[in-house]
Amino acid sequence: MINPIIPARKTLAKAWLFWFIGGLFYLYEMVLRASLSVMAEDLHTSFHITPQQFGLFASMYYWAYTPLQIPCGLILDKVGSRKLITASCVLCAFSAALFGWTESISVAYAARFLMGAGSAAAFISTLALASGWFPVAYFGIMAGLTNLLGSVGGMIAGKPLVALCNDMGGWRSAMMVLAILGLVLSALTWLCIRDPLKTEPESSGSDLWVPLKAVIRRPQIWLIGLVGGLLYLPISTFAELWMIPFLEGSCAGLTKENASLAQMILFFMGGIGGPILAGLAVRLGSYITVLKLVAVIECALFLLMALASFLPYTMVIGLAGMIGLVFGGQVLVFSLVGSQTSSKELGSAYAFTNALVMGCGSIFQPLLGKILQISWSVMGGGYADGVPVYTGGMYAVSILSLPLGFLLCWVMLYWVKDTYGQNTASDKPSVKEA
């Protein structure tokens, strides 16, 4: 519940602490989610997998993450962020250790699935802490800052994770380090976070589904969620999974460290792009106008990125930064949802929207892998030490599916209502510490 009253300085300091620790879990799960990209070559060697199987590694995460959004939203309303984040963080730590330990591809798939299950509550739990401890006027800022923490997690999954893998002697040891960090974070969450005290009586078990049913029946929420999912493809499909192998295959002589630097820049610019484009939406008085610009510009940028084989590395770095900066506007879909949803339905609306956003990633990740595999067969790809070699042209063919997604998003936005300036969530009462 959002507190419309400006809190005292002491309460505000605690609010920042609680939100930040919750945000650290979102950062942590983003490191786990995006870690596959820098481990692509090692995973191909360790498990002898095809590109489609590699895409399946990533999508297993989303197959758990996406359907669990709504149950996590209901659990969040019942037990609060503190308990949910603590349990989720322990599950993430266990799955990271299992993934780093196993020699079986089936167990590795299961570990990624469990990792997605543990991560499912990260974003919505952090938003719940922000909405529960900060005034309503702060929510847009806090959503943008939450997105920034996720971007920092994506950055850490780039060059710093490559360095960790090198220092620890391989990706398996690095995963064990991440597992230990997860256990430390779970203890910090339990000891430090406090949930706001609800001022409304709890609903009965059967009533918990009423807001969700109301949300699912609204076509606008479906449209906004699908738009958000397509606009999230630069992260869910490109940066988290295919970016580093794409750059290594496209740019001759490019090392994994340099490719991961481009990935870090994309995530970093995505973090600062959110507040910038949110400010643009305020200046223009429109969410939809900004989201349409995001879709069109991302389409153009990815058409250029597909030509990476012919571009200097400095230009590729610049394109990565621009893709991240423009992507930051994707967070406006949650502002759209909030402006169209009453306070009693807000948690369910965020969870359902986030499920749709992540669902798009689970479709496009293996899709790009399948297109890449077909391109390898059609274009006469070869082997090196028993591992298939993919050229820049093969990667370019698969990457071209992303601009098509952005064009579809641009068309869909003509059916989404622009509710900028409306705020149906301001009826939420103030809260106190539990």
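Residues numbered from 1 in each chain as written. Predicted model: local features only at pLDDT ≥ 70, side-chain atom pairs only at ≥ 80, totals over all residues. Heavy atoms only, no water.

**So, empty space enclosed by the protein**
Inclusion rule: Two kinds of site are reported from a 1 Å grid over the protein atoms alone, namely cavities, where a 1.4 Å probe fits but cannot get out, and pockets, open sets with protein on both sides within 12 Å along at least five of seven lines, and residues are called lining when an atom falls within 4 Å of a point. Grid points are joined across faces, edges and corners, and a volume is the space filled by probe spheres set on the points. We count a stretch as a helix when DSSP gives it H or I for four or more residues in a row; a strand needs E for two or more, and each element gets its number in order from the N terminus. Put simply, Ala, Val, Leu, Ile, Met, Phe, Trp, Tyr, Cys and Pro go in the nonpolar bin, Asp, Glu, Lys and Arg in the charged bin, and everything else, Gly too, in the polar bin.
Taken as a whole and judged by the stated rule, the model has three cavities of 30 Å³ or more. Of the volumes computed, that of the largest cavity is approximately 80 Å³. Lining of the largest cavity is provided by Y26, R33, Y65, F123, N147, Y232, Q330, V331, F334, N354, V357 and M358. Sorting the residues of the lining of the largest cavity by element identifies α1 (9-34) and α18 (346-378) as the ones contributing at least two each. Looking at the lining of the largest cavity element by element, the count peaks at three residues for α18. In terms of residue class, the lining of the largest cavity is made up of eight nonpolar, three polar and one charged. Approximately 50 Å³ is the volume found for the second largest cavity. Lining the second largest cavity are Y26, M30, N147, G150, S151, Y232, I235, F267 and F327.

**Concerning the side chain of S398**
What counts here: Only protein chains enter the area calculation, which uses a 1.4 Å probe; residues under 20% of their type maximum are buried, those over 50% are exposed, and those in between are partly exposed. What qualifies as a polar contact is a pair of N or O atoms within 3.5 Å, subject to a donor-acceptor requirement within protein and to the restriction that residues adjacent in sequence count only when both atoms come from side chains. Contact criterion: two residues are considered in contact whenever any of their non-hydrogen atoms come within 4.5 Å of each other.
Within the secondary structure, S398 is located in helix α19 (residues 392-399). Residue S398 is classed as buried on the basis of its relative accessible area of 3%. Among the polar contacts made by the side chain of S398, one reaches the main-chain carbonyl oxygen of Y395 at a distance of 2.7 Å. Setting aside its immediate chain neighbours within four residues, S398 contacts L368, I371 and L372.

**Topic: the confidence of the model for the protein**
Rule in force here: The pLDDT score gives, residue by residue, the confidence of the prediction method on a 0 to 100 scale.
When pLDDT is averaged along the protein, the result is 82, and 88% of the positions lie at 70 or above. Confidence scores differ between elements of the protein, with strand β4 (residues 432-433) showing the lowest mean pLDDT of 42 and helix α15 (residues 287-305) the highest of 95. Predicted confidence for residues 1-6 stays below pLDDT 50, and this span has 34 contacts to residues more than four positions away or in other chains. When the criterion is pLDDT under 50, residues 424-434 qualifies, and its contacts beyond four places in sequence or with other chains add up to 44 contacts.

**Comments concerning the nonpolar core**
Let me state the cut-off plainly: To form a nonpolar core, buried Ala, Val, Leu, Ile, Met, Phe, Trp, Tyr and Cys residues must be joined to one another through side-chain atoms within 4.5 Å.
Counting residues in hydrophobic clusters, the biggest one holds 140 residues, and the most contacted among them are L43, F99, M175, F238, L247 and M305. For this core, the element with the most residues is α1, which contributes 13 residues. In contact with M175, other than residues within four places in its own chain, are L32, M39, A96, F99, G100 and M115.

**Details of the packing of aromatic side chains**
By convention here, two paired aromatic rings are described through the distance between centres and the angle between planes. Our working definition: Note on aromatic contacts: the rings of Phe and Tyr and the six-membered ring of Trp form a pair at centre separations within 6.5 Å, being stacked when their planes are under 30 degrees apart, edge-to-face when over 60 apart, and tilted otherwise. In this scheme, the term charge over a ring applies when either NZ of a lysine or CZ of an arginine sits within 6 Å of the ring centre and within 35 degrees of the ring normal.
A full pass over the atoms with the stated rule returns 18 aromatic pairs. Here W16 and W19 contribute two aromatic rings whose centre-to-centre distance is 5.7 Å and whose plane-to-plane angle is 85 degrees, an arrangement assigned as edge-to-face. With W16 and W19 both in helix α1 and three residues apart, this pair spans about one turn of that helix. What makes W16 partly exposed here is its relative accessible area of 35%. Stacked on the ring of W190, the Lys or Arg R82 has its end atom at 3.7 Å from the ring centre. Positioned over the ring face of Y414 is K292, at 3.5 Å from the centre of the ring.

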